[in-house]
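Okay, here's what each chain looks like letter by letter:
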Amino acid sequence: MTEAIQHTAPSHSHGDSTVSGRNVGQPVLRYGGEDRTTGAQRFVADLEFTNALQVALVTIPVGCAEITGIDKAAALRIPGVVDVVAGVDLPSPMPRFGVSHQDRPVLADGRVNFHGEPVAAVLAETAEAAYAGARAVHVDFNELPGVYTLDSALAPEAQLVQDPALRPGDPLADTNVIKDALYTWGDIAAEEERTATVVENTYTFPMVTHFPIEPGGTVAIPTDNGGIEVYSPVQHPYLLQQTLAKLLGLPLNKVRVCAPDPGGAFGGKQNPKLEPLVAILALRTGRTCRLILSLEETFQSMRRAGCRITARTGFTEQGHLTFHEVKADFLIGAYADVAPRVMSKGTYVAAGPYRMPAVRVAGRAVLTNTTPSTAFRGYGSPQVTWATESQLDAGARALGLDGLEIRRRNLVGNGEAFVRGECEAKADGEWIQSLEKAAELIGWDQPLAPNRGRGIAVGIKPGATSGLSQSLVRLLFDGSAIVYAGTSDMGQGARTLWQQIVSDELGVELDKVSVVSGDTSTVPFDLQTSASRSTVFMGSAAVLACQDVRRRVLELYAETHGIPEEQLSEEPGLLVTPDGEVSLPEAARAALGSLRGEFIGQGTRRLRGKGHHPLGGDAAFYEFNATAIEVEVDRETGELLLTKHVTVSDVGTELNPLQVVSQDEGAAIMGLGHSQMEQLLIDDHGRIRNLGALDYRIPTFKDVPVELISAAIENHDGPGPYGSKGISEGALLCTAGALGSAVAAATGVVFRDLPLTPETVWTGLQAADLGQPD
Amino acid sequence: MTSTTGNQQPASTDQQNVTCTVNGSERSMFVPTERTLLDGLRDELGLTGSKKCCAEGECGACTILLDGRAVNSCLVLCSEADGREITTIEGLSQDGLSDLQEEFLNAGAVQCGFCIPGQVVSAEYLLRTNPEPSVEQIRESMSGNLCRCAGYERIVCAVQATAARRTCGHD
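On a predicted model such as this, the values are computed, not experimentally measured, just so you know. (Residues numbered from 1 in each chain as written. Chains lettered and ligands numbered in written order. Predicted model: local features only at pLDDT ≥ 70, side-chain atom pairs only at ≥ 80, totals over all residues.)

Asks: Help me understand the overall build of chain A in this model?
Replies: In terms of regular secondary structure, chain A is built from 18 helices and 32 strands. What you see for chain A is a C-alpha radius of gyration of 27 Å, in line with the 28 Å of a compact globule of 774 residues. Principal-axis analysis of the C-alpha atoms places the extent of chain A at approximately 90 × 70 × 50 Å. Per-residue burial over chain A gives 60% buried out of 774 residues. Restricting to contacts in chain A with at least 6 residues of sequence separation, those with at least 24 account for 80%. (Helix = DSSP H or I, 4+ residues; strand = E, 2+ residues; numbered from the N terminus. Rg over C-alpha atoms; globule rule 2.2 N^0.38 Å. Buried ≥ 20, exposed ≤ 12 C-beta atoms within 10 Å, placed from the backbone. Contact = placed C-beta atoms within 7 Å.)

In structure tokens:
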């Protein structure tokens, strides 16, 4: 069945789902929401620990340097300072860790490779003493000519950011390219023969930082069994557990990771960063060690890769794509983190959701002496989407088509391949519906006021390509239930969904379902909270765990009531007996009898990857979004006023329409951040010049479009429970493309470098007025 | 180039007594003179509802009411609060969730939640000083409170719904 949600409300159109659950499909209020409004919610910095040492980091104000000496004496004289630990105080060779590459040292290893890399840690009885101690540590260093731009990193005689010895067996180890990717299909030369128009341009996408409002931190406690307990607001507690176990030589059972809800993460809190340092300090001192980061330190811990993309794209006279050649260089940081995968997963969809007869996409992840870039909402897709969507518009302008029409002519139909060749990918939704809906909601054909323009763009992102989520559900004697699910609830509202699902599947009232997460010692394994995967993976695991509970209730009910099992059946919330239907909690109580007890169900959702696939496997689903923007340009100041912004995502099924709209609007506005205002500025010494909230602008209340409309397409065609798909990233994938297109339509000037700040726009308009080529 | 970092200036050891009314009760703190009110509330009084993000008055996560006016508590020293009246987020829900807090939930305005205490305090201040704000006035008044989850539209809905409840005489 195909069903497009009708636009019924002024601000969003969500919530007409045909899912018939009592709670699934309803705008159930956020689990844990009350504590978030009253301030009772405990984030990591709010937790109390007795007799804890406070940790402060020592850094130097350059991006690349050799450390020649560290004098701790002045710091150690400060009352309350207990210890100063530098790299030389740690085991040799320096312990290193990482996801794809074990390249990141616990502390700077004789050399600083990016601005903010910790050189030493000061431990003190109070935070004030720790900070005073950090200021008092003398670090002698020789600044080295760092590599801070793509051009300097890719120059023939470029200084290497990493010692080649860190990358044994890597043929690229003698370069600053840590990974490359190549996706090709079709015959570009042959396609050029039937090509009417070719457009070739270079685009840039800025380095931006996650700026979670919670800077975060880590607390580590040595335990009496020789183990360690670590509190950190991470998205992947189980990955942190594994990383620490390996670094510390401990079995997993002696490493307990407790993950308080992150106060915003957006990908930045996925992978271990400073947790290994704090854990080592705790084991070294035998005391609880607590590091709470400043926002500035958060900037120096996470960012999105900047990108430069050159694209050459061919079209027939009718506007059909013939070929697309892309070179995309991702400016990553000094250590790999997951940046190589961000590049390879982003470039995998660099040809967009289009019917492309011939493609050649070459991507590179390029090391520089900058903050290690990591996952950030959208992964590598927003960067390549900016270029590819702008190319569609360039083609449309050359051919006299409009942005909607050229996309209609090229968008793949459901089931049609948009990545071809050995590892093809096919559309898993009726994506044209999102495009048409966005056009309808923006009023694509309506007349425009002066200085206004409209743009439309689409974006895709592969969901998780492999994964494992395990869940436990306990149905208790009194008819209440507890679900254990390791998803980190960082704002997306994961626990609300588990509560809704378990309530419906077991027939338990919503407020009698509680959710436990964020503790590796009590909650079963979950691979990660990322790639908008949790609804599909953990949601399925929770459904399976409930089915397991229902089967166990049936079996015990049969045994205790002397009824053959084949005369009983179960369905969500019910046990069906020869005498009629019994609610599941009632049946459970009757089956448990006077000994009471409980039923425990287990659910596992596993997606095995494919070894030969460049992404490690086929995506479980694709996020697809169409965004349309109407903008008014102030030609005097270069300021952009977004009069209307429409985002339409292909969501499968909305399990909670209120949460879908929150995520969708949030992603849309975050997309406006990198499109309009955000960029990290690095100087010649590798320093971040706009380090902190004063100088780094993110969208505020006043940057929200005058009218923001979020809508969803529901066809119940996703792989998740009740036909759901992941939804949390779609609305920022193509924001830049839609905005750039709208600005070009309003001004006649094409911009290819983000962000479109007033200065950039004004300068571009002036240059155009003077007749300079754009 | 050879460079050196390091600054031997020690932390101040001066401490002082500060007494103020916090959420209706008289509270005292003996704190270093440079201690911010935000740190005092969080570390001395255990009122961790006010959050620390930018610590330079840009994000609004630490917003409190000082003598009834919304301020960034990271920009106020404890000593400046001596003898004054403070309402924190904890003080706005002493009798259960307020209508405003309920509307934040109803509107779907609460995502990660870290900025929400500051948002609620700012919105409460707005509604006390302007009971029927327009959308433009809400956006202007709240523009000092950042939300990276960008629940801005939802928060505007929550403020409007609360204003409607209050002006209709409901609670």
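Asks: Hey, could you run me through the environment of Asp329(A) in this one?
Replies: Residue and element names in this part refer to chain A. Position of Asp329 among the secondary structure elements: in strand β18 (residues 321–331). For Asp329, a count of 25 C-beta atoms within 10 Å puts it in the buried group. For the pair Asp329 and Thr310, spaced 19 residues apart in sequence, the C-alpha separation works out to 8.9 Å. Look past the residues within four positions of Asp329 in its chain and what remains in contact with it is Leu150, Cys307, Arg308, Arg364 and Val366.

Asks: What should I look at first to understand the nonpolar core in this one?
Replies: With 294 residues, the main nonpolar core has Val119(A), Ala120(A), Val122(A), Phe330(A), Val502(A), Ala542(A) and Val743(A) as its most contacted residues. In terms of residues, this core owes the most to one element, helix α14 (residues 534–561) of chain A, which gives 13 residues. (Core = buried A, V, L, I, M, F, W, Y, C linked by C-beta atoms within 7 Å.)

Asks: Is there a simple way to explain the interface of chain B and chain A in this structure?
Replies: Bring the parts together and some accessible area is lost; that lost area is often taken as the interface size. The partner chain A presents 59 residues to the 51 residues of chain B that form the contact. Of all the secondary-structure elements, those providing two or more residues to the side of chain B that touches chain A are β1 (2–4), α2 (99–106), α3 (116–129), α4 (135–141) and α5 (152–167) of chain B. Sorting elements by how many residues they give to the side of chain B that touches chain A places α2(B) first, with 4 residues. Residue classes in the side of chain B that touches chain A are distributed as 25 nonpolar, 17 polar and 9 charged. (Nonpolar A, V, L, I, M, F, W, Y, C, P; charged D, E, K, R; others polar.)

Asks: Before we go on, may I ask you to explain the sheet that holds strand β28 (residues 580–583) of chain A in this structure?
Replies: Note on sheets: strands pair through backbone hydrogen bonds, and any given pair is parallel or antiparallel. All names here are of chain A. Strand order in the open sheet made by the 3 strands is β26-β27-β28, with antiparallel pairing throughout. A strand with exactly one partner marks an edge of an open sheet, and here the two such strands are β26 (569–571) and β28. Recorded for the sheet is a direction-independent mean angle of 25° between the axes of neighbouring strands. Of the pairings in the sheet, the one linking strand β27 (residues 574–577) to β28 comprises 4 bridges and is antiparallel in character. Each residue of the ladder has a partner; that of Leu574, found in β28, is Ser583. Packed on one face of the sheet, α14 meets β26 and β27 and runs near 150° to β26. Against the sheet, helix α15 (residues 584–592) touches β27 and β28, its axis set at about 85° to β28. (Pairing = 2+ DSSP bridges. Axes fitted to C-alpha atoms, helices over the stretch in contact; angles between N-to-C directions.)

Asks: Help me out: how do you make sense of the packing of α14(A) against α15(A) in this one?
Replies: Each pair of packed helices can be described by the angle between their axes along with the distance between the axes. Residues and elements named next belong to chain A. Relative orientation of the contacting elements α14 and α15 amounts to 45°, with a least axis distance of 9 Å. The angle between α14 and α15 places the two elements in the oblique class. By crossing handedness, the relation of α14 to α15 is classed as left-handed. For the pair formed by α14 and α15, the contact residues are Arg550, Val553, Leu556, Tyr557 and Thr560 on the first element and Leu584, Ala587, Ala588, Ala590 and Ala591 on the second. (Parallel < 35°, antiparallel > 145°, perpendicular 65-115°, else oblique. Left-handed = near helix turned anticlockwise from the far one by under 90°.)

Asks: Any chance you could explain the domain arrangement of chain A here in plain terms?
Replies: All names here are of chain A. As far as domains go, chain A holds domain 1 (3–14 + 303–464 + 613–769), domain 2 (50–144 + 210–299) and domain 3 (467–607). Centre-to-centre, using C-alpha coordinates, domain 2 lies 39 Å away from domain 3. If you look at the interface, domain 2 gives 18 residues, while domain 3 gives 15 residues. Among the elements of the structure, α6 (237–248) and β15 (255–258) are those that each provide at least two residues to the side of domain 2 that touches domain 3. Take the side of domain 2 that touches domain 3: its biggest share by element is 4 residues, from α6. (Domains from an automatic or database assignment.)

Asks: I would appreciate a short explanation of helix α13 (residues 494–506) of chain A in the present structure.
Replies: For the α-helix, the turn length of 3.6 residues means that residues three or four positions removed from each other point alike. Residues and elements named next belong to chain A. Taking 1.5 Å per residue as the helical rise, α13 with its 13 residues ought to reach 18 Å, and the 18 Å between its terminal C-alpha atoms agrees with that figure. With respect to burial, α13 is a largely interior element, 13 of its 13 residues being buried. Remark: Gly507 follows α13 within two positions and exhibits a positive phi of approximately 70°. (Expected span 1.5 Å × (residues − 1).)

Asks: Explain the domain arrangement of chain B to me, please; I cannot follow it from the model alone.
Replies: Residues and elements named next belong to chain B. The assigned domain composition of chain B is domain 1 (15–92) and domain 2 (97–167). Opposite the 13 residues of domain 1 that make contact, domain 2 presents 13 residues. Here the side of domain 1 that touches domain 2 gets 3 residues from one element, more than from any other, and that element is strand β4 (residues 63–66).

Asks: Sorry, what's going on with the pairing of strand β30 (residues 622–633) of chain A here?
Replies: Residues in a regular strand project their side chains so that they alternate between the two faces of the sheet. All names here are of chain A. In terms of burial, β30 is largely enclosed, as 11 of its 12 residues are buried. One ladder, built from 11 bridges, connects strand β22 (residues 452–462) with β30; its direction is antiparallel. When the sheet's bridge partners are listed, Gly453 is paired in β30 with Val631. Here β30 runs beside strand β31 (residues 640–650); their pairing, made up of 9 bridges, is antiparallel. Each bridged residue has a counterpart across the sheet, and for Ile629 the counterpart in β31 is His645. Here β30 hands over to β31 after 6 residues, with Gly638 in that stretch at a positive phi of 80°.

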